[in-house]
Amino acid sequence: MALNPDKNVKLYYTIKEVAKRFGINESTLRYWETEFPQLRPKTVQSTKVRQYSEADIEEISLIYNLVKVRGFKLSAAQKMLSANRKGAEKSSEVLDLLTSVRAQLTELRKQLDGLV
């Protein structure tokens, strides 16, 4: 049986990996855990090491989008997630899609400029 290279084989990520992925400090993630009750990574009891699942990373992505990208204060982000979670998820998906389209268009422009 061949391995699927597209399959994500890692079940949990360390706080350092997650912080690097979003370009934020580890302390910011720890603080968000205190402010957003829905963000609760698994903790290994013997070592107290946080382990973030894909669901945790999706939650962090929502919070990151609201706080860092859209400029919401933490209290406003909390209200947005509790009152209109579906809307926050949808706007996050749309923003991610637009960002990827922008990157593709930028790359296409570079290729076209190389032809001229």
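Please read all numbers here as calculations on a predicted model, not as lab measurements. (Residues numbered from 1 in each chain as written. Predicted model: local features only at pLDDT ≥ 70, side-chain atom pairs only at ≥ 80, totals over all residues. Heavy atoms only, no water.)

(A) Fine view of the nonpolar core. Among the nonpolar cores identified, the biggest contains 20 residues, and V18, L29, W32, F36, Y52, I60 and I63 are the most heavily contacted of them. Taken together, the elements giving at least two residues each to this core come down to helix 1 (15-22), helix 2 (26-35), helix 3 (54-69) and helix 4 (74-83). Considering every element that reaches this core, the biggest residue donor is helix 3, with 6 residues. Excluding its chain neighbours within four sequence positions, the residues that come into contact with W32 are I24, L39, I60, I63, Y64, V67, K68 and L74. (Core = buried A, V, L, I, M, F, W, Y, C linked by side-chain atoms within 4.5 Å. Buried < 20%, exposed > 50% of the residue type's maximum accessible area, 1.4 Å probe, protein only. Helix = DSSP H or I, 4+ residues; strand = E, 2+ residues; numbered from the N terminus. Contact = heavy atoms within 4.5 Å.)

(B) Inspection of the layout of surface pockets at higher detail. Roughly 160 Å³ of internal volume is contained in the largest pocket. The wall of the largest pocket is formed by A55, E58, E59, S61, L62, R85, E89, S92, E93 and D96. Those elements that provide at least two residues to the lining of the largest pocket are helix 3 and helix 5 (85-115). In terms of residue class, the lining of the largest pocket is built from 2 nonpolar, 2 polar and 6 charged. (1 Å grid on protein atoms, 1.4 Å probe; cavity = no way out; pocket = protein on both sides within 12 Å on 5 of 7 lines; lining within 4 Å. Points joined across faces, edges and corners; volume = space filled by probe spheres on them. Nonpolar A, V, L, I, M, F, W, Y, C, P; charged D, E, K, R; others polar.)

(C) Inspection of the packing of aromatic side chains at higher detail. Counted by the stated rule, this structure contains 1 aromatic pair. Taken together, a centroid distance of 5.5 Å and an interplanar angle of 45° make the contact between F22 and Y64 tilted. Residue F22 is found in helix 1, and its partner Y64 is found in helix 3; the two are separated by 42 residues along the sequence. The exposure class assigned to Y64 is partly exposed, which follows from its relative accessible area of 24%. (Phe/Tyr/Trp six-rings, centres within 6.5 Å; stacked < 30°, edge-to-face > 60°.)

(D) Broad picture of helix 2. By the burial criterion, the buried members of helix 2 are T28, L29, W32 and E33. Within helix 2, the buried residues cover an arc of 145° as seen down the axis, which keeps them to one side. Those residues of helix 2 that are buried are in contact with helix 1, strand 2 (49-51), helix 3 and helix 4. (Arc of directions from axis to C-beta.)

(E) Structural context of unusual backbone geometry. The phi torsion at K48 lies on the positive side, around 60°, for a residue other than glycine. The residue K48 is located in the loop between strand 1 (42-44) and strand 2 in this model.

(F) Representation of the packing of helix 3 against helix 4 within the structure. The interhelical angle for the contact between helix 3 and helix 4, taken along N-to-C directions, is 125°, at an axis separation of 9 Å. With respect to helix 4, the axis of helix 3 lies oblique. When you trace helix 3 past helix 4, the crossing you get is right-handed. Contacts between helix 3 and helix 4 involve E59, L62, I63, L66 and V67 on the former and, on the latter, L74, A77, M80 and L81. The residue makeup of the contact of helix 3 with helix 4, split by class, is 8 nonpolar, no polar and 1 charged. (Axes fitted to C-alpha atoms, helices over the stretch in contact; angles between N-to-C directions. Parallel < 35°, antiparallel > 145°, perpendicular 65-115°, else oblique. Left-handed = near helix turned anticlockwise from the far one by under 90°.)

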